[in-house]
Each structure stands twice: as structure tokens, then as C-alpha cells.
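Examination of the molecular architecture
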Protein chains: 2
Amino acid sequence: MTFVVIGGDAAGMSAASKAKRDAPDTEVVVFEAGEWVSYGACGLPYYIKGEIQSLDDLVSVTPEEFREQRDIDLRTGHEVVAIDPDGKTVTARGESEVVQEYDQLLISTGAAAVEPPIDGLDRDGVYTLGSMADGKDLREYVSRARTEGDLQQPDSGPACEFLETCNGPVGVVGGGYIGIEMAEALAANDFEVHLFQRGDRLLKSFSEATSEAVLDHLREQDVAVNLGAEVAELAGGDRVEAVVTDAGRTPVEMVLVGTGVSPRTDLAEGAGIELGETGAIAADEYRETSISDVYAAGDCAEADHVVTGDPVHVPLALTANRHGRAVGQTIAGNPTKGGPVAGTAAVKAFDVEAARTGILDHETARDAGFDPVTGTIDAKSRAGYYPEGGTVRVTITADRESGRVLGGSLVSEYGEGAVHRSHALVGAVTEGVTLAELSNYDLAYAPPFNTTWDPVLTAAKVLDGDR
Amino acid sequence: MTFVVIGGDAAGMSAASKAKRDAPDTEVVVFEAGEWVSYGACGLPYYIKGEIQSLDDLVSVTPEEFREQRDIDLRTGHEVVAIDPDGKTVTARGESEVVQEYDQLLISTGAAAVEPPIDGLDRDGVYTLGSMADGKDLREYVSRARTEGDLQQPDSGPACEFLETCNGPVGVVGGGYIGIEMAEALAANDFEVHLFQRGDRLLKSFSEATSEAVLDHLREQDVAVNLGAEVAELAGGDRVEAVVTDAGRTPVEMVLVGTGVSPRTDLAEGAGIELGETGAIAADEYRETSISDVYAAGDCAEADHVVTGDPVHVPLALTANRHGRAVGQTIAGNPTKGGPVAGTAAVKAFDVEAARTGILDHETARDAGFDPVTGTIDAKSRAGYYPEGGTVRVTITADRESGRVLGGSLVSEYGEGAVHRSHALVGAVTEGVTLAELSNYDLAYAPPFNTTWDPVLTAAKVLDGDR
């Protein structure tokens, strides 16, 4: 039996490893267009920031380890250009062209950074962050600028904080995870950061109250945040010189464009595999596509939402790992569902942390047949008398009639537990728990960790009383 | 309508406040034997440690506020000495004796520190930590010893850490929350701490793997932990001079006895109210006792366990607050169940944190009809490449046949999220979730907070594979 995998990141390598481990007789072939496999793309902003020293640190398992220890036929530098589902072959191009037969196939081609309709994206100094190569380029830019800055300002370094700015102004287009994490990475390297967000708030999939807290914090950190700022052009000559919006022209020396990702579906479409309404590859509970023996998992594919049951496209690392692993088990003869997603996400933004899960958007909730109601509370992160605490802001969205918890969004100082506390809300959303039930949860309490009622309980209790 | 409350701490004041708020016409009378009400006894170790400056800081609402702002007839310094359920009166002694009629009565008399069968408990220098007064005494002892130490060793203070010890040796009897928190408080004040635990591990309600991690950490912190150490005597003259066990005699200048608490049930028993098998006051889902119109909540009462449905006595702050509040709602005409408990608890021990929930003990699980299996994993608390992470150790106990999660226990460095991550396991235990379901939870992930699979997911996945 031959199991072929297209794409060697989280979903692909999880599937390959699990299939090989559970059914060692299976021949497992992985084609990866680039040179890197199984890498933590989520760590790139911290590499660019300078907190992680080497790109290699982001790699959990090396190509050699996959080949030698896990006995996987991993072919890096091989781009698959066609799938023939009738002949059950894929065609890949590396140093030469290879036609590989398969019994079972996994498409895990991931997602690519969206190129928004902005003039000047091709100018030098304009970056996206979609790959390890992008990360490398950005780190080089940051290091170079820093060195040059040091030369011009010999007393930079510790003294640097007293200057208006050490490195030139830079632009970040997009106020999602990547935009915010990159704003942190650039500001930490003494760039003057201008962030442009088309919509009226940052982190639009989080609650408005969370967005507001993150916005306030970014501004405290001297990030110039421009909301409702549609970027018309990245102006300049060969090199970018300014971000142009309705509101005017902001001179910059570099721009990071982080306006989301879109699933890589060309190969699947070429093979006649159906896409879903979201534009990502449609798949059943076992991650099998419209064509038998062809699976899809990870950022290129849809998943079912745990509240609505509807297909959604939420390209995040855990789902890719989980669904990839489930496909590996299925291939090995143990049919395993990938499981639904709750759209849970977390982000660190300078010294705050935030998480969200489930359905917060009222329109989405109404479309799914709910009558949504949302409440937000601010609560102390530790007992009021305990030293060094902060504030946890918790938003919950629930169904007015039944009280069912539909989604949640939390924000706190970094280390004060907004993200880990969201675990309670993920469970509530997944199990269809009501506000009354949640507010009766016997959550852990001690003064160094929360008030007697954890903020999650207080939020549930208050919204239950108000709905 | 008159609602009388006996005992003015968490359960009593929650009930009084909620009843008065929801039904302002109710006359609410609270008798409290001491002078303090609504205080955070959980904060006492941190007051003794010196991190909290005043006992007043532990009080969330003052007696004056209860009287003036909440219109509650709060009578401190009044000890109730009898309940007459036929005449529906209670007799209280303060400056004079009062006979108070009631329509509804709440017994929230709390729990008292257990006095173990050890000779010499009455010697000077032997303390328990059951009340604000105890906390005051201990703080005075610690401050005084410190001052005397300073006089003897003029270079103590910062230099103190280079000395073998600054203050004399002290003993802590008991290796539960109080014993461990007090060991931290005393060690932080430069006492040489000797901890004596009768059983073979600390924190016996947590998993063995958690106990082991906490033990290792306490020893790293130079606490002399003696396991299997049955204390026979606290020897000395007027003042305690040594802790005596089978293994010998340890000279000490002071001893803190923290060997648990027992429910204060004398009043209830005197009135003919039934106790449960645990020895605490039995109550139904609405917290009503065997006598109509008499309720019991907080540390003096039983509660139903969320997994077994059996009555248990788990005297902790959240349950007291929650059940007190439910009684207040019921009194106000909105019958409200108190809700079950999961036996969830959290503790900080020096620089580690730990939490536990549900059923971990195999005998208890078997008695409830389960076939328990337990697994423990160690996992990184943040992405491997992210700076400054630690280790989260997760233990899960589940039913072998069904895979149902019965309980969990976690430990990590302080700030690395063992306690807040336990929220996921509280939900799983409460909702009867299986290991397979839990391991498919879409928990929040980003590199500063966890590995792609949060340690809780990994623990569930591994145990599900091994059972």
C-alpha cells in the first residue's frame, strides 16, 4: 500500500508519521516543494524579533529524521504539478519529473499569504510572511537596519529608548495575528511602527471589547494604529517609500503585508476535487474529499464548526496537526474522524494576551438559528489582595433563549491567564453548556490565580442574569 | 419574612447579600461570633509571609458596608448557642442574650482546624491557622522573630541569603495546602522549615506525580520534608522546643499545625439536624437540611460530587460562595440548586503551581463503579523554541472501558499555567467527556502559551492510546 502526501508541513507530516507508525508496511511518500518540512511557522515573528536565534529552532523534526528514523520517503524540492485520480498518480517536478502511484492520497498544500488589491506590492522592501524563506528575508532586513542604525547612532542600545526612534518608520498592513505579532517584532527592534487596518478594529474575529483592549495597549506601546485605513498604494520607486491611504501618505522604509491567507487549491481543482463555499477543499468527517481515496487536511481544507456544524475555513496549526493525524490513523486501518473546530485562536500582543473561541459574530449566530446576546466583564486576575495581579476581560456570547454558550473572547496582561482560561470556554462551546451550568463549574481557585469566582464564572453569571 | 444566617463568612454573607438584593423586603439578620466577616482566609498565608500588609486587605466587604450599604442586620460578636426548629428561633450570646425568630435559617458555621492527637498542642509557640486571629498571631510571631534575628545578625536582610539560616528552625505539621503555603511563608522569612507529613506524600488529594513534583521543589527550596513522619509529641516546657517522631527529635522554636479542618456541626446536631456519612451537615440540592426551612452551606456542609453523585465534604471557598448565593436566591423566591462539586483545588508552592479536580483515587473510582486507569505526561509549557518556558505535568484518571475522564492533576512552574489549564479538565469531568473527545478539543494555541497540542490534549491522547 502506498500513501502519498502532498505538502510537508503540520498536516502532511502528522499524517505521514502516524500512518507509518501505525502501519509500518505502508510505503509513505511525501512531496514538499520547498526545503523545510514540519516547521513552526507560528514562531516566525519571534525569530524576526530576535528571541529565537535560528530558523532551525523552529523545525521540530528534520528531513533527515523523517527519512532515517521514521522511514518516510520524503522528497523535498519536489513540487506536485498534477493529480490524476483515475490513474491514481501524482506528477511531481524536482530535479527531474516523477510520476508516483498512490493507493491513498493526502492533499495538505496549506495556504498562501493573500495579496490584497494594493498597487506597489512588488516594490523592494515589501514583505509578506507566508514561508520560512519570508521569515529569513525579514530577519535579514531587521538585522541590517539595526546594524545601520547602530552605526548612525553609536549610543543606541540601552539609550535607544530615550530617542524618538532608532530605526526608520515601517508599515504593517493588516491588524490580525500576523500584523500584530509583527508590529511587536518590529517595535522590539526599535522601528517606528505604523499599522494600517482596513476595518474599524483590530483582531476582528475576537470580541469588540478584546479588540479595544489590544488597541489601547498597542497605542501605549507607541504603535501608530490607523483604523478604517484602506491602503491604496505602497508608493515609491524601485523601493517602497510610503503607505498611501485616503488619509494621506506615511513615509516608510519597509512594509509588512499581513492581510490573511487563502487556501492553496489549484492542484485539487485541477483534479476535479470539489471546493466548499468557503473556497477551501471540502472534506467529510474523515477528511476524505469528493474523490475517493483522496484526503485533504490542514490550511487548504475546510472543517466543520462545532457549534453550527457548517463547514468553515479556519487555517490554524492545531487543526492541521489533528486532522493530519486522524488521516494517518484512517490510512493505517483505523478510521478516525478529524473532529470539529471551534475557531479557537490565541495571540500575544506586546505585554497582553488574548484568545477567542466559538461564535461571537451576531450575524453568524443568527444564521445558525440563535438569538445572540453578548456581555463583557472586567475582573481581577488574582485575588484583590494578592500582589502583582492584572485584569482579565471576558466576553461571552450566548443564545438568549436557551442560555447556551456560543463563543468567548478574553484578554489580559501577558501571564495573567486569558489564554489558558479560555480552555473553560472551549469546553463549554464544544459541549453545548449553558451559562447557568458554566457559572456553576467548580473551577480551581487560590489567591495567586484568581478571585474566588474565576473571571470566566463571573462573566457567565453576569450574562445569565442580564439576558 | 425574616432570614437568619449563622456565620458571617463566604457562604453566610453571600446568602445574606443575595437574599437582600433580590428580595429587599426580607429582614436579613446575620450572627457572627467573631469580629471579622466576609474575609479571605485563603489569603492568610500571604499576609503572614508579608506580601499583604494588613488583615483589612483580606476583607472584601466591611461590617459597616454590610450594615449601611446592603441593609443587613449584621451582629458581630454574637455566638449562636442554640437553634429551636420547632419554635423557629435561634439563641445568640453577645453582650446580652438574644432570641431571634426566623422564617428561614442558614447554618454557615464553617469548619475548624483539626486538633490531631499529638501531645503538647497547648504549648506556647504552637499555632493553627483557622481564623483571622490565628493569622494575626502568626504574623506577629514572624515579625518578632525577624526583628530579633536582625538584632543578632546586623548584616541580615539581603546578606541573609548567604547564611545557613537567619531565624530559628520551625516545624510544620501537615503536607496539605496550609502546610505547604505556610512552609513558603516561613521560608520567605528566613526560617529553617521542617515539614512533617504523616502519609507517604504531600498533597494526597492530588496525583502521585504532582505530589512528587511538589516534593522535589520544596526540597530544592531547602524545606526539610519528612514523609511517613507521625508526630508523637510537640515537646518542651511552657514553650515548644522540639517535634518528636519515631525518627527522632527535631529542635524547633515554633510549630504550625495544619492537618485539615472539620465541619462545625455542634449547633446543627443540637437541633436534631442530620449529618451525612462524611460528618458534615447533610443537605439536598437546594442546600436544605433534614429540617424544613433550615439550610446549610459552606465548609460545615456536604455537597454532591459531580462524577459520583455521592455526598462529599470538600470545604473550599468557591463552593461556599456558590452555595451561599444559591440559598440567597432560593430565600428570595427563586429556588436555585447549589450545584455539584468536582473537588477542584489549587495551590502555589514557592515557584510551582498545582491544581486537581475530580476523582484521582482508584479506590474511590472503583467504589463508584469505574475501572480507573491513570496516565501522566510531562510537556513543555510553551513552544519548544519560545523563550523562558517550563514544564507542565498532567495526570488524568479515566474509566478504562468508556474512556470517560474522571479526574486530573497538573503541576508547573508558577506562571506556566497548570492551574488555569485545569479549567479544561474541570469541564471534561463535569460534562462526562471521554479522552477521545477531550483530545479533539480545539484549545487555544500560540507559541507563547503552549505547544500546538496543549499539554492537556497530549495527556488525553496518550492515556486514550494506552488504556
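The written sequence of each chain sets the order in which its residues are numbered from 1. To read the labels, note that chains go from A and ligands from 1, taken in the order they are written. Where local features are concerned, this predicted model is filtered to residues with pLDDT of at least 70; where side-chain atom pairs are given and counted, the filter is 80 or more; whole-chain, interface and lining totals use all residues. Side-chain measures were taken over the full set of non-hydrogen atoms in the model, leaving aside hydrogen atoms and water.

As for the domain arrangement of chain A
Residues and elements named next belong to chain A.
- Either an automatic procedure or a domain database provided the assignment from which the domain bounds are taken. The domain architecture assigned to chain A consists of domain 1 (2-38 + 52-110 + 262-331), domain 2 (126-259) and domain 3 (351-466).
- With centres defined by C-alpha atoms, the gap from domain 2 to domain 3 works out at 31 Å.
- We define a salt bridge as a contact between a side-chain nitrogen of Lys or Arg and a carboxyl oxygen of Asp or Glu at a distance within 4 Å. Across the contact surface, domain 2 and domain 3 share zero salt bridges.
- N or O atoms within 3.5 Å of each other form a polar contact, as long as, within protein, one can give a hydrogen and the other can take it, and as long as residues adjacent in sequence are counted only when both atoms are side-chain atoms. Linking domain 2 with domain 3 are six residue pairs in polar contact (both at pLDDT 80 or more).

Observations concerning the confidence of the model for chain A
Residues and elements named next belong to chain A.
- Residues with a pLDDT of 70 or more make up 96% of chain A, whose mean pLDDT is 94.
- Confidence of the prediction at every residue is given by pLDDT, a number between 0 and 100. We call two residues contacting when some pair of their heavy atoms lies within 4.5 Å. Note that pLDDT drops below 50 for residues 151-165; the model gives that stretch eleven contacts with residues more than four away or on any other chain.
- Scored as a whole, the predicted complex attains pTM 0.95, and scored at its interfaces, ipTM 0.95.

Some details on the packing of helix α1 (residues 10-22) of chain B against helix α8 (residues 317-331) of chain B
All names here are of chain B.
- Axis definition: a line fit to C-alpha positions, over the contact stretch in the case of helices; interaxial angles, taken between N-to-C directions, run 0 to 180 degrees. What counts as a helix is a DSSP run of H or I of at least four residues, what counts as a strand is a run of E of at least two, and both are numbered from the N terminus. It is at 7 Å that the axes of α1 and α8 come closest, and there the two elements cross at 30 degrees. As summarised for this structure, α1 and α8 are arranged roughly parallel, according to the angle between their axes. Between α1 and α8 the crossing geometry is right-handed. Residue-level contacts link A10, A11, S14, A15, K18, A19 and D22 of α1 to A320, N321, G324, R325, V327, G328, Q329 and I331 of α8. Oblique is the label for any angle not covered by the other classes, which are roughly parallel (under 35 degrees), roughly antiparallel (over 145) and roughly perpendicular (65 to 115). Left-handed describes a crossing whose near helix is turned anticlockwise from the far helix through less than a right angle; right-handed describes the clockwise counterpart.

Some remarks on helix α8 (residues 317-331) of chain A
Residue and element names in this part refer to chain A.
- Multiplying one less than the number of residues by 1.5 Å gives the expected span of a helix. The end-to-end C-alpha distance of α8, which contains 15 residues, comes to 21 Å, matching closely the 21 Å that a straight helix rising 1.5 Å per residue would cover.
- Three labels apply to residues, based on accessible area from a 1.4 Å probe with only protein chains included: buried if under 20% of the type maximum, exposed if over 50%, partly exposed otherwise in between. The element α8 is largely enclosed, with a buried count of 14 among its 15 residues.
- After α8 finishes, the residue G333 shows a positive phi value of roughly 100 degrees.

So, the interface of chain A and chain B
- At the interface, 62 residues of chain A touch 62 residues of chain B.
- Broken down residue by residue, the surface that chain A buries against chain B is led by Y385, H423 and D442 of chain A, which jointly contribute 15%.
- Remark: the boundary between chain A and chain B carries zero salt bridges.
- A total of ten residues in the side of chain A that touches chain B trace back to one element, the largest contributor, which is helix α10 (residues 418-431) of chain A. Accessible-area loss on putting two parts together, using a 1.4 Å probe and summing over both, is the definition of buried area adopted here.

Quick word on the pattern of salt bridges
Residue and element names in this part refer to chain A.
- One pass over the full model with this rule turns up 32 salt bridges over all chains.
- For the salt bridge of D22 with K18, the shortest nitrogen-to-oxygen distance reads 3.3 Å. On the criterion of helical spacing, the pair formed by D22 and K18 is a turn pair, its members being four residues apart in helix α1 (residues 10-22).
- The buried category is assigned to K18, whose relative accessible area is 13%.
- What you see here is one network of salt bridges that share partners, running through K49, E51, E184 and K348.

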